[in-house]
Amino acid sequence: TLCFQAFLQMCNLPIRVICRANAEYMSPSGKLPFIHVGNQVVSELGPIVQFVKAKGHSLSDGLDEVQKAEMKAYMELVNNMLLTAELYLQWCDDVTVEEITHPRYGSPYPWPLNRILSYQKQWEVRRKMKAIGWAGKTLEQVLEDVDQCCHALSQRLGTQPYFFNKQPTELDALVFGHLFTILTTQLITDELSEKVKNYSNLTAFCRRIEQQYFEGHDKDSSAIAARSAKRSLLR
Amino acid sequence: MAAPMELNCWGGDWGLPSLHPESLTVMAYAKFSGAPLTVNTINTSWRVPKGDIPVLVSEDIVISQPAKILNFLRKQKYNADYELSAKQGADTLAYIALLEEKLLPALLHTFWIEAENYCSVTKPWFASRIAFPLRWYLPGKMSREALNRILLTKGGPPLYSLTEVEAQIYRDAKECLNLLSKRLGTSQFFFGDTPTTLDAFVFGFLAPIYKVCFPRVQLQEHLKQLPNLCRFCDDILTCYFRLTVSGHSPAGQDTADANLQKLTQLVNKESNLIEKMDDNLRKSPQHPPRKLTTLKLAAGGEESSPLSRLSP
């Protein structure tokens, strides 16, 4: 959720964040989050970016073709590695599943619906992991992959303020969203956030964006941001 | 230097060393980095190994996914990315992720799910290379796995039918090809003049689309509109694979080379032995008293034996 908020903040578009239990069903694609503008509802990063672009706001206009290609490639890397690793940790690591994910995911619903829904979601995620070949991975291998991904991101960022020099782009929003979530969410072990903390320029990057785009607004919005960060872990 | 390494993978046709993208990636990387791999293509006399192909076997170690195989080769000092900067290494990872997310689903679809392609080309080709009775089962299983993968990763609301998913994945694939073309520009390889891991992956994914003759070829037609990518594939095929139409010459060339090497080694060994014997003979006069007594006692037996030792 944070990627979207960051992206919209970067475009200087005001937003209000609302948490709802049936949010997944309200969304046109079943995926969170989604934005509700006037009488239009748009979900997922790609369509939202295009929607915003059609309304005249775009962050990546200043990039040339090769840079746009690089940006798309890095976004895929983040989706491929970080998102899958987050899903793996939530749904395929037995300890985390039992202690955190099941209670959280099922919390809005009464028993036995909460157990049924969370088992269903777990089964779905495990099927997907098997199809892409992640089912055979151990937790150490997943953490290693995350480390490799962070290393690549850290190398690409270097000492620049944003990934493509002076201006933030969709990539910055996406990376911020994922990394901030990893850094601030409480799990059984801290290994995942430790991996990210190893890269000081990435933590500095997160802090910088947080200060620039989130703390500038009221305390309210940062509290909402923290709550919605937890909610995004439920996906 | 290292233990002998063998790669078991699917064979090739239509001018390619292999039809399978992952096998092709590993073969290309081995050529780029100079790793001495013996390539065994799967044929009917084989029992198809369980698990993913390609498989690298080196003494007791068995490794199966392309990324892991490449890591292993790098640890054995066959590194094609030696001259890359850290940022270029990061770019490599990003572009490989792009290929896997955007291009691979369409590639799988063209080979395994598009009905005309599957029935007229893919299934007969693979079936002819698998032993009975697995040939009736394995291609179907590979097709189901491909469909599963596409539906689980790309399907799902708002795309409700297979045709919508298909339209989306082909759109993504064409966009990916355009991005690759822009990134390659006019250079020979993605990072300058020497090929690297990224070139191996791109070649592995593009070459089957480019060369295999399918009835339904929308992706191939799109690729042919990007001349720099076509030139990229052709260059690698001619420089690193040197294939004739039959596709057998590199294997023949390799065995001839190996035989020549063995012969040279044998000849060298022989000449070393001969030199050693010569040295011994020359050293022997340093102990004249012993030699004289033995000569006296043996009455010519000793004399004849050095001579007999010299003759082969």
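Residues numbered from 1 in each chain as written. Chains lettered and ligands numbered in written order. Predicted model: local features only at pLDDT ≥ 70, side-chain atom pairs only at ≥ 80, totals over all residues. Heavy atoms only, no water.

Draft legend 1. Inspection of the nonpolar core at higher detail. Membership of the largest hydrophobic core comes to 139 residues, with the highest contact counts inside it found for Leu153 and Phe205 of chain A together with Leu103, Trp112, Phe203 and Phe232 of chain B. Sort the elements by how many residues they give to this core and helix α3 (residues 86–113) of chain B lands first, with 15 residues. When sequence neighbours within four positions are dropped, the list of residues in contact with Trp112 of chain B reads Tyr118, Thr122, Phe126, Pro139, Met142, Ser143 and Ala146 of chain B. (Core = buried A, V, L, I, M, F, W, Y, C linked by side-chain atoms within 4.5 Å. Buried < 20%, exposed > 50% of the residue type's maximum accessible area, 1.4 Å probe, protein only. Helix = DSSP H or I, 4+ residues; strand = E, 2+ residues; numbered from the N terminus. Contact = heavy atoms within 4.5 Å.)

Draft legend 2. Summary view of the pattern of salt bridges. Taken as a whole and assessed by the stated rule, the structure comprises twelve salt bridges over all chains. In this structure, Glu76 of chain A and Lys102 of chain B form a salt bridge, with 3.6 Å as the shortest nitrogen-oxygen distance. One end of the pair, Glu76 of chain A, is in helix α4 (residues 65–91); the other, Lys102 of chain B, is in helix α3, on a second chain. Across this residue pair, the class does not change: Glu76 of chain A and Lys102 of chain B are buried. Here Glu114 of chain B ties to Arg216 of chain B by a salt bridge, and the two come within 3.3 Å at their closest N and O atoms. With Glu114 of chain B in the loop between α3 and α4 (115–127) and Arg216 of chain B in the loop between α7 (197–211) and α8 (218–224), this pair connects stretches of sequence that are 102 residues apart. Three or more residues are tied together by salt bridges with common partners; here these are Glu70 and Arg156 of chain A together with Lys87 and Asp91 of chain B. (Salt bridge = Lys/Arg side-chain N within 4 Å of Asp/Glu carboxyl O.)

Draft legend 3. A look at the state of the cysteines. Considering all chains together, one arrives at zero disulfides over all chains under this definition. The thiol sulfur of Cys9 of chain B is not disulfide-bonded, and the nearest other cysteine sulfur, from Cys233 of chain B, lies at 18 Å. (Disulfide = S-S within 2.5 Å.)

Draft legend 4. Empty space enclosed by the protein, seen in detail. Residues and elements named next belong to chain B. Inspection of the entire model under this criterion finds three cavities of 30 Å³ or more. Space inside the second largest cavity adds up to approximately 60 Å³. If you trace the second largest cavity, you find it lined by Leu107, Thr110, Ile209, Val212, Phe214, Arg216, Val217, Gln218, Leu219 and Gln220. Elements with a minimum of two residues in the lining of the second largest cavity: α3 and α8. Take the lining of the second largest cavity: its biggest share by element is three residues, from α8. Grouping the constituent residues of the lining of the second largest cavity by class yields six nonpolar, three polar and one charged. (1 Å grid on protein atoms, 1.4 Å probe; cavity = no way out; pocket = protein on both sides within 12 Å on 5 of 7 lines; lining within 4 Å. Points joined across faces, edges and corners; volume = space filled by probe spheres on them. Nonpolar A, V, L, I, M, F, W, Y, C, P; charged D, E, K, R; others polar.)

Draft legend 5. Highlighting the packing of aromatic side chains. In total, this model carries eleven aromatic pairs over all chains according to the counting rule given. With a centroid separation of 5.4 Å and an interplanar angle of 75°, the aromatic rings of Phe163 of chain A and Phe205 of chain A are classed as edge-to-face. Residue Phe163 of chain A is found in the loop between α7 (139–157) and α8 (170–184), and its partner Phe205 of chain A is found in helix α10 (residues 200–214); the two are separated by 42 residues along the sequence. Comparing Phe163 of chain A with Phe205 of chain A shows no difference in burial state: the two are buried. Plain terms: the ring middles of Trp125 of chain B and Phe126 of chain B are 5.0 Å apart, the flat faces sit at 75° to each other, and that makes the pair edge-to-face. (Phe/Tyr/Trp six-rings, centres within 6.5 Å; stacked < 30°, edge-to-face > 60°.)

Draft legend 6. Quick peek at the confidence of the model for chain A. Residue and element names in this part refer to chain A. Averaged over every residue, the pLDDT of chain A is 74; the share at 70 or more is 66%. Within chain A, no element has a lower average pLDDT than helix α11 (residues 219–232), which sits at 42, and none a higher one than α7, at 86. Within the model, the stretch residues 217–235 combines pLDDT values under 50 with 35 contacts to residues more than four positions away or in other chains. (pLDDT = per-residue confidence, 0-100.)

Draft legend 7. Quick peek at the pairing of strand β2 (residues 37–41) of chain B. Of the strand pairs in this sheet, strand β1 (residues 5–9) of chain B and β2 of chain B are connected by five bridges, and their pairing is parallel. Residue pairing for β2 of chain B: Cys9 of chain B is matched across the bridge by Thr41 of chain B. (Pairing = 2+ DSSP bridges.)

Draft legend 8. Representation of the interface of chain A and chain B. The partner chain B presents 24 residues to the 22 residues of chain A that form the contact. Note on chain A versus chain B: buried area summed over both sides is about 2,200 Å², and carbon and sulfur give 63% of it. Taken together, chain A and chain B are joined by three salt bridges. When the shortest N-O distance is used, the salt bridge between Glu175 of chain B and Lys72 of chain A registers 3.4 Å. On the surface where chain A and chain B come into contact, there are four residue pairs in polar contact (both at pLDDT 80 or more). Considering each element in turn, the side of chain A that touches chain B owes the most residues, ten residues, to α4 of chain A. (Buried area = accessible area lost by both parts, 1.4 Å probe. Polar contact = N/O pair within 3.5 Å; in protein donor to acceptor, adjacent residues only side chain to side chain.)

Draft legend 9. Structural view of the sheet that holds strand β4 (residues 61–63) of chain B. Residues and elements named next belong to chain B. If you walk across this open sheet you meet the four strands as β2-β1-β3-β4, and the pairing is mixed. Each having just a single partner strand, β2 and β4 make up the two edges of the open sheet. With strand direction ignored, the average angle separating the axes of adjacent strands in the sheet is 20°. Docked against the sheet, helix α1 (residues 21–33) engages β1 and β2, running at close to 150° with respect to β1. Its contacts with the sheet put helix α2 (residues 66–75) on β1, β3 (55–58) and β4, and the angle it makes with β4 is roughly 135°. (Axes fitted to C-alpha atoms, helices over the stretch in contact; angles between N-to-C directions.)

Draft legend 10. Main features of helix α6 (residues 113–132) of chain A. Residue and element names in this part refer to chain A. In a regular helix each residue adds 1.5 Å, so 20 residues correspond to 28 Å; α6 covers 29 Å between its end C-alpha atoms and thus fits that length. Where α6 is concerned, the buried positions are Asn114, Leu117, Ser118, Lys121, Gln122, Val125 and Met129. Taken down its axis, α6 places every buried residue within 135° of arc, on the same side. In α6, those exposed residues whose orientation departs by more than 90 degrees from the buried face are Ile116, Trp123 and Lys130. Positive phi shows up at Gly133, right after α6, with a value of about 90°. (Expected span 1.5 Å × (residues − 1). Arc of directions from axis to C-beta.)

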